[in-house]
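Chain residues, written in single-letter form:
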Amino acid sequence: MIFFAPTGSRLSLAGGDTPVLTGCLRNAPAVAQNARLIAGESDIAMVPWGEGSPDGSLRPAIEDLLGAGAIIHRFGLPCSPESRVARDAYRAANIAVAALIRASVSGRELIDGGFLEDVEIAPEESVSARSAGPYRAA
């Protein structure tokens with residue numbers, strides 16, 4: 001089983017000996033390829049991690065759902081209903097991905113905080129030929 005999340009270091013500790021890859025829209029093809037190589041015939045788990053709230057809880061984040069969907073789309077494998085929802089959301093977003101991310105809670109927070117460039121590059125697809133990870137707990 002492989003877990004994905006934007007916070008690889010945090011999940012790598014939770015994953016123990018399980019390989020952890022971090023993925024997003026920017027590296028979806030590389031992550032999908034590496035996950036399949038690592039997993040072989042085993043299951044692959046996707047965790048759209050979400051964003052931290054001021055109270056320390058997590059809230060869903062559209063960029064994580066779309067990133068997971070982009071990776072699942074590239075697997076080209078049968079998947080669970082939950083994975084299908086993420087994959088289909090990615091496919092349905094099509095060219096509107098950038099606008100959706102800019103208008104999302106996370107996007108607005110980053111823009112308001114002076115991080116417009118981060119929001120602008122987040123939806124760029126397939127621009128990184130490397131996946132982050134696999135991370136393993138030390």
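Please refer to the structure higher up on the page.
Below or above, wherever it landed, is the structure these notes cover. (Residues numbered from 1 in each chain as written. Predicted model: local features only at pLDDT ≥ 70, side-chain atom pairs only at ≥ 80, totals over all residues. Heavy atoms only, no water.)

## Looking at the layout of surface pockets
Where empty space is left in the structure can be found by rolling a water-sized probe over the atoms.
Line of reasoning, step 1. Of the volumes computed, that of the largest pocket is approximately 360 Å³.
Line of reasoning, step 2. Breaking the lining of the largest pocket down by element, the ones donating at least two residues are α3 (62-75), α6 (105-112) and α7 (116-121).
Line of reasoning, step 3. The element best represented in the lining of the largest pocket is α6, accounting for 4 residues.
Line of reasoning, step 4. Within the lining of the largest pocket, the residues separate by chemical class into 7 nonpolar, 6 polar and 5 charged.
Line of reasoning, step 5. Considered as a void within the structure, the second largest pocket measures approximately 290 Å³ in volume.
Line of reasoning, step 6. Lining of the second largest pocket is provided by 14 residues; of these, S42, D43, I44, L77 and P78 occupy positions nearest its centre.
Line of reasoning, step 7. Taken together, the residues of the lining of the second largest pocket sort by class into 7 nonpolar, 4 polar and 3 charged. (1 Å grid on protein atoms, 1.4 Å probe; cavity = no way out; pocket = protein on both sides within 12 Å on 5 of 7 lines; lining within 4 Å. Points joined across faces, edges and corners; volume = space filled by probe spheres on them. Helix = DSSP H or I, 4+ residues; strand = E, 2+ residues; numbered from the N terminus. Nonpolar A, V, L, I, M, F, W, Y, C, P; charged D, E, K, R; others polar.)

## Topic: the side chain of R87
Line of reasoning, step 1. Counting through the fold element by element, R87 comes out in helix α4 (residues 81-93).
Line of reasoning, step 2. When residues no more than four places from it in sequence are discounted, the contact partners of R87 are G69, I72, H73 and C79. (Contact = heavy atoms within 4.5 Å.)

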